[in-house]
Every structure is written in C-alpha cells, then in structure tokens.
Amino acid sequence: MVNVQVRDCRWALIQRLRRLPMRVKDLSKSDRPRERLMSIGAAALADRELLAVLLGSGFRGASALDLASQVIEHCGDLDALARSDPHRLLTLRGIGPAKAARVTAAFHLVRRAQAWPERERITSTSDLAHACAPLLRDRTQERLVMVVCDTGGRVLKRSVLTEGGSDHTVMPVRELITEVLTSGGAMFGLAHNHPGGSLDPSPEDLEATAMLLEAARTVGLRLLDHLIVADGSWKRIPL
C-alpha cells in the first residue's frame, strides 16, 4: 500500500511539473537564445529567439521565449511589430515601459541603418585614388593615407596615418596592419603624395611596400594598391 501511495505521489508530481512553464534558465546553455546567438550567430536564431534576447526576461509563469511569442502573435507578424507604437506593446502582460522602449528603439535603429546612404566602394585603382585625393591635395608635406574596406570593397575607414617632411614620411607597418584589423577590414589601399611633383617611387617606397605586402599576407589581409599622388595625377607602386 505504501509503495502504491509513493508511486501515485510521484506520478502526480510529474504531471504537475509538466504543466509548469519552462523557464529559459531551465534550458541547457546550448539551447538558450543568448548563448545560441553568441555561439552560432544571430542568423541561426528564430524570430522569437531574437526577440527574447531583446526582451531579456518574461514574467511569472512565462519565459522570455513565451513572452516573445505572445508579442509577435499580438502584433500579427514581425513587420507589424517593427511598426508598432510602444504604447500598444504596453497592453501585453509582462511588457513594461523599459521593454516596450527597448523593442521600439531596436526596430527604429534598423530603419535608420536601412535608410543610410550606400557606402563608397573601392573597385578599381582609380576609385582608391579618388577616395584618397581630398586628403592629399595641396599638401606641402608628404602624407600617408589609408582606406580600409570590407570583403565587398565598401569603405569602412579613411584616415591619415603619418605626415612627414617635404620629401618623405614613414611607413608604420605594424600600426597600419593593427588598424586595419581593429577596423574589421579585409583589404586596404594606401596613397601618399610627393610634394615635389614626381610620380616615381623612391627606393624607400618600394622597400616599404614590399614589407607591407608580406605583412598583410601573413595575417590574411589584401593590399589593394599603393599609389603616389602628385599634381592631380597618380601612379601605382608595383606590388
């Protein structure tokens, strides 16, 4: 009789536990939305998982995943959610001002990013020359300019690296490679001016370019070109 009672109690407990909502922290780490995003990337997550990461938590009786599903269902679909007023979200249990504002702000950032003008692309040597020219024009000192691009040639960064005397400037190879990597670049181009007007590379130009090319290859970066600019004209240094 005792064994039967114990067995019945266990069965009743199991059934009760099955009816309890699953919390995100009860999931294994490999199944939690935030951990999945960090390990395999946002593209692999379902809509409700991404929204759950944004919401951060659910409420008593509902996990962040449950709440995310309810939010999407309440709005109809993801597109409608993206256009929802934050006050509409406040009508849902578990959504307070902080969560409503967070969701609205996230979607608004996406709209701003989509409206941002297309980044300049470097697809040829003349594109690189055009991108560098404004930073080199009418300079009385030699200046080294770098343009960092992503894998598609979109310009991520354009900057002056060094500025020297009237006849030379240094090539900081290590610092240059570090700047490309920290900018998230995959390839980069360089240009420097010759205030004297000559388009011919000096022995130092050739040596520095060869060193830089080898350093870039070592870390998996691509050197697009190294240009000399003078009097509105330009010339490639052979790679």
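If you're wondering where the values come from, they're calculated on a predicted model, not measured in any experiment.

Student: An account of the overall build of the protein chain is requested, with residue identities and associated values reported.
Tutor: Within the protein chain, the secondary structure is distributed over 10 helices and 5 strands. Across the protein chain, the fraction of contacts at a sequence separation of at least 24, relative to all contacts at a separation of at least 6, is 59%. For the protein chain, the computed accessible surface area is about 14800 Å², with 54% contributed by carbon and sulfur atoms.

Student: Residue-level account of the pairing of strand β1 (residues 143-149), with values.
Tutor: Of all 7 residues in β1, 7 are buried; the element is thus mostly enclosed. With burial as the criterion, each face of β1 is covered, one bearing R143, V145, V147 and C149 and the other bearing L144, M146 and V148. Pairing of β1 with strand β2 (residues 155-163) involves 7 bridges; the strand directions are antiparallel. Among the inter-strand pairings, C149 is bridged to a residue of β2, identified as V155.

Student: Give me the lowdown on the sheet that holds strand β4 (residues 222-230), citing residues and values where you can.
Tutor: Strand order across the open sheet formed by 5 strands is β2-β1-β3-β4-β5, with mixed pairing between neighbours. Among the strands making up the open sheet, the edge pair consists of β2 and β5 (233-236). Each strand of the sheet is rotated relative to its neighbour by a mean of 25°, with strand direction disregarded. Sitting on the sheet, helix α10 (residues 203-218) touches β3 (187-193) and β4, and the angle it makes with β4 is about 160°.

Student: With reference to specific residues and values, describe the pattern of salt bridges.
Tutor: Enumeration according to the criterion identifies 9 salt bridges in this entry. Across the pair D79 and R83 runs a salt bridge whose closest N-O atoms are separated by 3.0 Å. Classification of D79 by relative accessible area gives partly exposed; the value is 49%. Shared partners join several salt bridges into a network, and the residues in it are R139, R143 and E163.

Student: Provide a residue-level description of the confidence of the model for the protein chain, including the pertinent values.
Tutor: Of the residues in the protein chain, 84% reach a pLDDT of 70 or more, and the chain-wide mean stands at 85. Mean pLDDT values for the elements of the protein chain range from 50 in helix α1 (residues 2-19) up to 95 in β3. Every residue in residues 17-22 is under pLDDT 50, and counting partners more than four places away or in other chains gives 7 contacts.

Student: So what about the environment of V147? Which residues, and what values?
Tutor: Note that V147 resides in strand β1. In this structure, the C-alpha to C-alpha distance between V147 and G185, residues 38 residues apart in sequence, is 9.5 Å. Non-local contacts of V147, meaning those with residues more than four positions away in its chain, are made with I122, L128, A131, C132, V155, K157, R158, M187, F188 and G189.

Student: Please give an account of the side chain of D205 that cites residues and values.
Tutor: If you trace the backbone, D205 turns up in helix α10. The side chain of D205 sits in the buried core without any salt bridge; K235 is the nearest counter-charge, 10 Å away.

Conventions used here
The residue count restarts for each chain, going from 1 along the sequence in the order it is written. Totals for whole chains, interfaces and linings use all residues, but because this is a predicted model, local features are given only for residues with pLDDT of at least 70 and pairs of side-chain atoms are given and counted only at 80 or more. Derived side-chain values reflect all non-hydrogen atoms in the structure, with water molecules and hydrogen atoms excluded from consideration. Elements are defined by DSSP. Helices are runs of H or I of four residues or more, strands are runs of E of two residues or more, and each kind is numbered from the N terminus. Contact between two residues is taken to exist if any of their heavy atoms lie within 4.5 Å; hydrogens are not considered. Surface exposure here means Shrake-Rupley accessible area, sampled with a 1.4 Å probe, where a residue is shielded only by the protein chains that are shown. Between buried and exposed lies partly exposed: a residue is buried under 20% and exposed over 50% of the maximum accessible area for its type, with that area taken using a 1.4 Å probe on protein chains only. Strands were regarded as paired on the criterion that DSSP finds at least two bridges between them. Here the axes come from fitting lines to C-alpha atoms, over the contacting stretch only for helices, and the angles between their N-to-C directions go from 0 to 180 degrees. Definition used for salt bridges: Asp or Glu carboxyl oxygen within 4 Å of a side-chain nitrogen of Lys or Arg. The pLDDT score gives, residue by residue, the confidence of the prediction method on a 0 to 100 scale. Charge assignment: positive for Lys and Arg, negative for Asp and Glu; neither His nor the chain ends contribute.

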